[in-house]
Every structure is written in structure tokens, then in C-alpha cells.
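What follows is each chain in one-letter form.
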Amino acid sequence: MAWALKLPLADEVIESGLVQDFDASLSGIGQELGAGAYSMSDVLALPIFKQEESSLPPDNENKILPFQYVLCAATSPAVKLHDETLTYLNQGQSYEIRMLDNRKLGELPEINGKLVKSIFRVVFHDRRLQYTEHQQLEGWRWNRPGDRILDIDIPMSVGIIDPRANPNQLNTVEFLWDPAKRTSVFIQVHCISTEFTMRKHGGEKGVPFRVQIDTFKENENGEYTEHLHSASCQIKVFKPKGADRKQKTDREKMEKRTPHEKEKYQPSYETTILTECSPWPEITYVNNSPSPGFNSSHSSFSLGEGNGSPNHQPEPPPPVTDNLLPTTTPQEAQQWLHRNRFSTFTRLFTNFSGADLLKLTRDDVIQICGPADGIRLFNALKGRMVRPRLTIYVCQESLQLREQQQQQQQQQQKHEDGDSNGTFFVYHAIYLEELTAVELTEKIAQLFSISPCQISQIYKQGPTGIHVLISDEMIQNFQEEACFILDTMKAETNDSYHIILK
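First, a word on scope: everything that follows refers to the structure included in this document. Here the structure is a predicted model, which means the values were calculated and not measured. (Residues numbered from 1 in each chain as written. Predicted model: local features only at pLDDT ≥ 70, side-chain atom pairs only at ≥ 80, totals over all residues. Heavy atoms only, no water.)

With respect to the side chain of Ser 230
Move 1: Tracing the chain through its elements places Ser 230 in strand S10 (residues 224-238).
Move 2: With relative accessibility at 1%, the residue Ser 230 sits in the buried group.
Move 3: A polar contact is formed between the side chain of Ser 230 and the side chain of Asp 214, at a distance of 2.4 Å.
Move 4: Apart from the residues within four sequence positions on either side, Ser 230 is in contact with Gln 212, Ile 213, Asp 214, Thr 275, Glu 276, Cys 277, Ser 278 and Pro 279. (Helix = DSSP H or I, 4+ residues; strand = E, 2+ residues; numbered from the N terminus. Buried < 20%, exposed > 50% of the residue type's maximum accessible area, 1.4 Å probe, protein only. Polar contact = N/O pair within 3.5 Å; in protein donor to acceptor, adjacent residues only side chain to side chain. Contact = heavy atoms within 4.5 Å.)

With respect to the pairing of strand S7 (residues 172-177)
Move 1: The buried fraction of S7 is high, at five of six residues.
Move 2: Where strand S4 (residues 116-124) meets S7, six bridges bridge the pair, whose relative direction is antiparallel. Across the sheet, the residue bridging to Ser 118 is Phe 175, located in S7.
Move 3: In this sheet, S7 lies alongside strand S6 (residues 160-164) in antiparallel orientation, the contact comprising three bridges. (Pairing = 2+ DSSP bridges.)

Let's talk about the packing of helix H10 (residues 362-369) against helix H11 (residues 371-382)
Move 1: The geometry of H10 relative to H11 is characterised by a closest axis approach of 7 Å and an angle of 135 degrees between their N-to-C directions. Here H10 is positioned oblique relative to H11, judged by the angle of their axes. In terms of crossing hand, the pair formed by H10 and H11 is right-handed. The segment H10 lies against H11, with Arg 362, Val 365, Ile 366 and Cys 369 engaging Pro 371, Asp 373, Gly 374, Ile 375, Leu 377, Phe 378 and Leu 381.
Move 2: Grouping the amino acids of the contact of H10 with H11 by side-chain chemistry returns eight nonpolar, one polar and two charged. (Axes fitted to C-alpha atoms, helices over the stretch in contact; angles between N-to-C directions. Parallel < 35°, antiparallel > 145°, perpendicular 65-115°, else oblique. Left-handed = near helix turned anticlockwise from the far one by under 90°. Nonpolar A, V, L, I, M, F, W, Y, C, P; charged D, E, K, R; others polar.)

Some thoughts on the sheet that holds strand S14 (residues 390-396)
Move 1: The strand order S16-S14-S19-S20-S17-S18 describes an open sheet built from six strands, whose pairing is mixed. Taken across any chain shown, the strands that pair with only one partner, and hence form the sheet edges, are strand S16 (428-432) and strand S18 (467-469). The sheet shows a mean angle of 40 degrees between the axes of neighbouring strands, taken without regard to direction.
Move 2: Strands in contact with helix H14 (residues 437-448) are S14, S16, strand S17 (455-461), strand S19 (482-490) and strand S20 (497-501); relative to S16, the strand with the most contacts, it is inclined by about 150 degrees.

Here you go:
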């Protein structure tokens, strides 16, 4: 560890250079926020915009930003000016994150001489994957038994105390550290961005991740629960040496652009400054078991009973709703912006409540955030839902269901007369957007609360009871709101299952 032997003067030079890089990365922020850039009356009347017009420094001077985190990896040069930075990492390679004490004299005296706790996470940047994070991580666990998504390279790290990694949280590590002492953490990310990408024709495009750090101080009971600071940055992880090749490719592409086009892109910085964000919400899962259990070769998934009475209905998983409400507090609005991938605007909307955000018109939001993010934010604020391309309904088959189907055939005349013995079948809706077999597999796995890798094949029962393998083309020819009975059959090898649509 040669860097540990540097003189204090060298450390000051390094930190001074980081501050200059950080100031340079912030140059130009808020220039488009001047009074002349707006034609709004109601929005400008809000106090927050009077503070933001001066490029944010006056308001920021009163705000305590106690720490600064620096990832020692270069940012991509192919990122537009007002977009969030993107950093490429190699799978399994150790990268240094410097934990810098950024407090002014006299700020937060209660942590002087005491330790603070930091929690590192590698999480999904994409909102759709955030909603299914538990299923995605469980699927990764099954494909990579014994591996972790995030690790600390302890021999290379300096200044960390009591590092811990929960076996049930593959993407999280935590440790204690003293802000008064030099602290550097070397992390390793073992998953790659393409492992969570749906396979499509024409190759794969990896999904971005986020490295987020949440720091807490000790409370009166000795527990590290009082939040101090959170920051994150966007990353993509490639196979070994892939990040270097991607960085070189981006640099070569930028060199071919005209000087006018280059002005629209950020320069590549040697280090990545993690930007302030809202604390990561703690999510408690009902079922933390590593894998679901199966009792028999047929009807072994727990969708609930295939039939029931109005007083005994299976409870389907609650739909994901994340609409902003007028009663939302400014702090909750900040968390909503973070969850919906608007982290770059959380600082701009610091004092906005849900009612304030909902009052903004489409033109207002576009002027503030730009055309692309403005339209996306406006649609998210209004909670606009996109109609799925295909909707199908499925019902789990069980022995009782089969018996009742036989009884229905025998007593068809009675049913027509209204004597239906008070039973009915519960179906679940599946909404498809991409109309692919992979998407159908993921949706069924999500419905069963299992990993997609446990579903070996999906068949459709054809004429004379034959099993036809489901393909993308077959799904594209499904009728809208078609109904299917789901049956399960244990696969010949391993612990996977076949799904049969009847």
C-alpha cells in the first residue's frame, strides 16, 4: 500500500485537487435557472426559486454537508452536460472510495472524537428493477451460489472498523470509521450490468447501477440510527477489462465529434464525486428465505387456492403505486424523486411539497428540467399509466379445481338455471409489454414469488393434449384478455419446474 506512506503534504495536494475537480464539475449548474430563463409567474413566486436563482451557493452555505465521498475511477466522457455522471467499473476489481470530512469549524461538534457508521449499497438505477429488486437478487443468488454482489477489500482498506456483510443482503456492506482520521474503503462489485438485462435480438445493453453511501451517527442508546449524510453515483459494471475498453471507445467517439458537439458533453474527470441524495429507504421483506419450497410435482406454487368463496379469497400481491399526493411532505417528496430516478433534481426541489410539485404545468417542468426529463417528470407527477400491449388472465390449477370442473360438466344444466353452489374461480391478470417468452416467464415468476430461473419451460396445451413450447411469436398471437389455467410439472433435472397453460 504505497499510498499509505505519502506525507501529509501530499494528502493536502490530493484533496485540494479533488476540491478543484468538484468545483469544476459544478461549474455551470444553475446558469439556466436565472430569472431571464423563465416565463412563469406562479412558480417564480415560490421562495425556493428566489434562492435557486443565484446558482444555489447561498442556500448551500447554510446546509450542513458533513462528508464527501470520492470514487477513484474516471467518469465517462460520453455524458451530456446536464445528465448525471456515469462511471465504468470492472467486475471484481478493487476501487478506492475516499471518505473525506467536509465539516466547517464548529459544525456537528457532537461527532468529534466519535465514530460514525456508513452503509454501502449497490442498487438498481432503473425504477422497474427497483420494484422487483428482491426477486432479481434472489435470482442472482441462485445463479451464483456463495457469491456476493458487493464486498470490501479489507487488506487494502484503511481506517475502517468492524466491517460487516449480512449474508442475507448480498448488495450491502457496512463499517464504522473516525472522520478525524484518514479513511479509504476499497470495494469490489461482482455482478455485471448485463446479468439483469432481458435477452433480446441484436445483443444486450447492460443496466446501470448506483453506488450509494448512507452515514449515521450514534444516538443516546448507542445505536447508529441518526442520519447524517447520503450520496450516490451511477455506475455500469463490465467483465474484467471491459470497463477500460468501454472508456476508450467513448473517448474515441468523442474525439471524432465536432467542437460544437463536444460542448454538449461533460469532460471526463479522473475521479467520481458522489452527489448528495436522499437516504435509501429501508425495505423489509415478508419472506427472507433463500428459496421457496415445493411440496409436490403438481400445483406446488403458492398462488393461493384455485377457487374460493367471497369470504375466503387469496390475497394477491399489492400493486406498485407510487403516485405523489398533495399531502406529501418536502422530505417525502425528496424520497419520491429519488425512487423515480430524478435524483439530479432533488436539490432544486429541496423545499417543494407534493402540492407544490403537482401545481407545476407541463411547460413549467420542461423549462426547469429540460425536454426529456421534464416530460418524464410531468408524466410521473400525474401518475399516467401506459396501457399494456397484451393482458391475459391465469388461474392456478388444483385437485379441487379439476373436481369442480368435472362437476360443472355433469351439472351444466343446473348451472344454467343459476344453481352454482356458490363457488367461483380466482384469476390473476398478467400485463405484457414486450410480448416475449422471457417477459412472460418473469411475470409468472413474480406472481408465484419465485426466481425466474426456477421456471424451466412454459408450454401451451394444444390439440389432443400435446405440449407446445411457448415462443415470442405465439405470445404475439395471443388474444387480448385470453384466460388460461396454470399447471406445474417438475422438470427432469435440478429443482426447476415446467409451466403448462391450458
